[in-house]
Amino acid sequence: MYSQPEIYQRNIEDVHSTISHAKLEEKNLTNITQALYFPNITDDLANIKLLELNPHLLQHIQEGQTLSLKGGLTENVVLCTNSKTFDLKEAEVSNSFLLVPDLKFAQDTCRSPLKVKSSSNANNSADSSMEEDAEDHRNRSDITLERRDVLKIFQEYFEPREIQPRFRKLHDLLQMTRYSGPENEYCIDRKLLFTRQQLLDTIQCSEEQFSQGLRIVRAMEVDDHIRVLETEYEFRVMGLLLGLIEENSWTLEEIDRDESLNSLREIVPEQILAAVFDLYTQPSERAPEKFTYNEAKVCRAMARSILKPGLKFHIDDFLSTWQGTLPEGMKIDERYLRGIGVIDRESKMPCVRTLLETNLPTNPHERFQIIFQAKECWTLDEIEPYVECFTTPTATVTSILNKFTRSMNQNGQRVYLSKH
């Protein structure tokens, strides 16, 4: 049976010898000598990693908050605080780092004024102290030898880089169990349903960002599980709710929530009605305890219901149909198509086609290829929603476009085109 050789224990004579070989003077050294003992090569220390802390992460730890590591078998791991997400990149160091628990620094290893807190005269005090004690320290009979075990040697560390939350997995997981009414629930594989906590533990984002992501994908809680509505079903529920405006002669600033839910509870499950109502409305500023529909959200929902994958619409026909789906007082705006559809006025037939940001590849090269297949020239406002997912605090939309596209001035406006 193999046994580890006994580790040699350094003594005071070794210290004197080492100092002499290093051509140092003992009088200039502190009272405590620390001998480092390196870890056994058979020790399993793979679970100890070195992580660089930026100010946000340091403050987070100092406040007693927790950090979360998230990542599946095929995903790069990310580090999450309560509000931010960081990608972890492994970086090499030119000099090895030693992890030594209980290692003492200069102020703790001598009885000289080095222990005094730094001041304008700190260096002078230390130098004069050494000179005064030089004769006493010549033989250094007062040296104390202490053992310090090196826990691990590092040649690399993890560098955190803030990134955008990765919501694609949230969208993909919820699409597998789209809710289309209680009569169709028998078709749903219950094993594919997720609670809020299960999704939070899985999705690579912070808790604050996760709540934002649920709003972006228009998720709601149904029987203790997070679900999204099938597009046609969502359109149907929205149509029923908006129809109550004309039926009850409400203004857009005086929507009654209780009346809305009571009127339709026999047609649509109340929890679905309540979730959809809360998703598309906000408290009215003009009428206390009343609500108003968010025009942008309603317009985007109606646009999604009209646009179909693979189909083109003449721009005039689409805009007319789109406006016709809205209650009186709401007006369409091309900006509401952001990340949903593309208007192409340069083609032979000016048209509108669907281009959902959530359906595009997460690889930038593949994404830009599809973007420029859909439309040849893009303005910054048009292409921005399809690029924002790649931005970081140091990489803006413009810098990303400069890397993956070429630009030119067209009629006094900068447009972006494919590089190839």
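For the structure itself, consult the block above.
Bear in mind that the values here come from a model prediction, so they are computed numbers and not experimental data.

This part takes up the sheet that holds strand β4 (residues 85-99). If you walk across this open sheet you meet the four strands as β2-β3-β4-β6, and the pairing is antiparallel. On the outer flanks of this sheet lie β2 (68-70) and β6 (152-163), each paired with one strand and no other. Direction aside, the axes of adjacent strands within the sheet are offset by 45° on average. Summarising the sheet, β2 and strand β3 (residues 78-80) pair through three bridges and their orientation is antiparallel. Residue pairing in the sheet places Lys-70 in a bridge with Val-78 of β3.

As for its placement among the helices and strands, Ser-418 is situated in strand β16 (residues 413-418). For Ser-418, a relative accessible area of 24% puts it in the partly exposed group. For Ser-418 and Glu-25, which are 393 residues apart along the polypeptide, the C-alpha to C-alpha distance reads 68 Å. If we skip the residues at most four places from it in the chain, Ser-418 touches Phe-372 and Arg-406.

This part covers helix α7 (residues 231-247). Between the first and last C-alpha of α7 there are 24 Å, a value that for 17 residues agrees with the 24 Å anticipated at 1.5 Å per step. Where α7 is concerned, the buried positions are Tyr-233, Glu-234, Val-237, Met-238, Leu-241, Leu-242, Leu-244 and Ile-245. The buried side chains of α7 occupy one side of the element, clustering within an arc of 165° when seen end-on. Exposed side chains of α7 directed beyond 90 degrees from the buried face belong to Glu-246 and Glu-247. Looking at the packing, one finds that the buried side of α7 touches α8 (257-264), α9 (270-280), β10 (291-293) and α10 (295-306). Measuring from the backbone nitrogen of Glu-232 back to the side-chain oxygen at the start of α7 gives 3.1 Å, which picks out Glu-230 as the cap.

A probe matching the size of a water molecule, rolled over the atoms, marks out where space remains unfilled. Of the voids in this model, the second largest pocket is the one considered here, and its volume is about 560 Å³. Elements supplying a minimum of two residues to the lining of the second largest pocket: β12 (341-344), β14 (378-379), α13 (380-383) and β16. Tallied by class, the residues present in the lining of the second largest pocket amount to eight nonpolar, six polar and nine charged.

The next subject is the pairing of strand β15 (residues 405-410). Sheet topology places β15 next to β16; six bridges connect them, and they run antiparallel. Across the sheet, Ser-407 pairs through a bridge with Tyr-416, a residue of β16. In this structure, the hairpin formed by β15 and β16 is closed by a connection of two residues, where Asn-411 is found at a positive phi of approximately 55°.

A separate point is the packing of α7 against α9. Across the interface, α7 lies against α9 with an axial gap of 11 Å and an inter-helix angle of 80°. When the axis of α7 is compared with that of α9, the two are roughly perpendicular. Counting all contacts with α7, which are made through Tyr-233, Glu-234, Val-237, Met-238 and Leu-241, the residues of α9 involved are Ile-272, Leu-273, Val-276, Phe-277 and Tyr-280. Partitioned by chemical class, the residues of the contact of α7 with α9 number nine nonpolar, no polar and one charged.

So, about the packing of α10 against helix α11 (residues 315-324). Running from N to C, α10 and α11 point in directions that differ by 125°, and their axes come no closer than 10 Å. In terms of axis orientation, α10 runs oblique to α11. The interaxial crossing formed by α10 with α11 has right-handed handedness. Contacts between α10 and α11 pair Cys-299, Met-302, Ala-303 and Ile-306 from the former with Phe-318, Thr-321 and Trp-322 from the latter.

Parameters at a glance
Residues numbered from 1 in each chain as written. Predicted model: local features only at pLDDT ≥ 70, side-chain atom pairs only at ≥ 80, totals over all residues. Heavy atoms only, no water. Pairing = 2+ DSSP bridges. Helix = DSSP H or I, 4+ residues; strand = E, 2+ residues; numbered from the N terminus. Axes fitted to C-alpha atoms, helices over the stretch in contact; angles between N-to-C directions. Buried < 20%, exposed > 50% of the residue type's maximum accessible area, 1.4 Å probe, protein only. Contact = heavy atoms within 4.5 Å. Expected span 1.5 Å × (residues − 1). Arc of directions from axis to C-beta. Polar contact = N/O pair within 3.5 Å; in protein donor to acceptor, adjacent residues only side chain to side chain. 1 Å grid on protein atoms, 1.4 Å probe; cavity = no way out; pocket = protein on both sides within 12 Å on 5 of 7 lines; lining within 4 Å. Points joined across faces, edges and corners; volume = space filled by probe spheres on them. Nonpolar A, V, L, I, M, F, W, Y, C, P; charged D, E, K, R; others polar. Parallel < 35°, antiparallel > 145°, perpendicular 65-115°, else oblique. Left-handed = near helix turned anticlockwise from the far one by under 90°.

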